[in-house]
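Listed below, chain by chain, are the residues.
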Amino acid sequence: MMLRRQKQSGNAMVEFALACAVLIPALAGAFQFGYTFYTYNLLQSAVSNGGRYAMGRTYRCLSGSIDVTKIKTAVKNMTVYGSPTTSDNSAPLVRGLTPAAIDVAYTLNAQQIPTAVTVSVNTFRVNAIFQNYTFTGKPKLTVPYIGRYAAEESEP
C-alpha cells in the first residue's frame, strides 16, 4: 500500500501544471477581451454624449470659420471631458482620450444649413496589458441635427 502511494505522489503536481498551462492563458484572454470591451463601451458613451450635445447646439456660421471651430471645439470637449468648457484640472472620461482624437463633421444642405452631425473617434489606442489595440474611425455616431440655425448671431 505504501509503495503505491509513493508512485502517485507527484500526480497532483503534474495535473496542476497541465491545468495551469490551459487556465492561465484562458483567464488572461478573458481579462484582455473584457478590458478592451469596457474601454470601447466608455468610448461609445462619450461619443454618444458628444453627439447628443452637437445635435441640439445652436449652429452659427455666417461670421466665418471661427464660429464653426468654436462649435467643434465645444463638441470635442463635451465628448472627452463631459463639459463644453474645460479647466486645468479637467480629466478625460476615458483614460488617454484627447480632443485631437475626436472628429466632428456637420452635414450641410445646399443652403449651408446643417442636417446631420457625425461625432467619431479618429484613432484611439487601448493598452490592454498583454496587447495594444487601435480603434480607427470607431465608435462613430451620426444623428440628425435638430438644433437652432442662427447664421446672423455671433458666438458668445
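Residues numbered from 1 in each chain as written. Predicted model: local features only at pLDDT ≥ 70, side-chain atom pairs only at ≥ 80, totals over all residues. Heavy atoms only, no water.

**Re unusual backbone geometry**
Thinking step 1. The residue after Lys138, namely Pro139, is reached through a cis peptide bond having omega -5°.
Thinking step 2. Residue placement: Pro139 occurs in the loop between β4 (131–136) and β5 (140–144).
Thinking step 3. Located in the positive-phi region is Gln112, a residue other than glycine, with phi close to 65°.
Thinking step 4. Position of Gln112 relative to the elements: it lies in the loop between β1 (102–108) and β2 (114–121). (Helix = DSSP H or I, 4+ residues; strand = E, 2+ residues; numbered from the N terminus.)

**Digging into the environment of Phe124**
Thinking step 1. As for its position among the elements, Phe124 is in strand β3 (residues 123–128).
Thinking step 2. If we skip the residues at most four places from it in the chain, Phe124 touches Thr39, Leu43, Val94, Arg95, Gly96, Leu97, Tyr133, Thr134 and Phe135. (Contact = heavy atoms within 4.5 Å.)

**A look at the nonpolar core**
Thinking step 1. If you look at the biggest cluster of nonpolar residues, it comprises 25 residues, and the most contacted ones within it are Leu43, Tyr59, Leu97, Ile102, Tyr106, Val117 and Phe124.
Thinking step 2. At the level of elements, α2 (11–56), α3 (65–81), β1, β2 and β3 are the ones that each hand at least two residues to this core.
Thinking step 3. If near-sequence neighbours (up to four positions away) are discounted, Leu97 is found in contact with Leu43, Thr79, Val80, Pro92, Ile102 and Phe124. (Core = buried A, V, L, I, M, F, W, Y, C linked by side-chain atoms within 4.5 Å. Buried < 20%, exposed > 50% of the residue type's maximum accessible area, 1.4 Å probe, protein only.)

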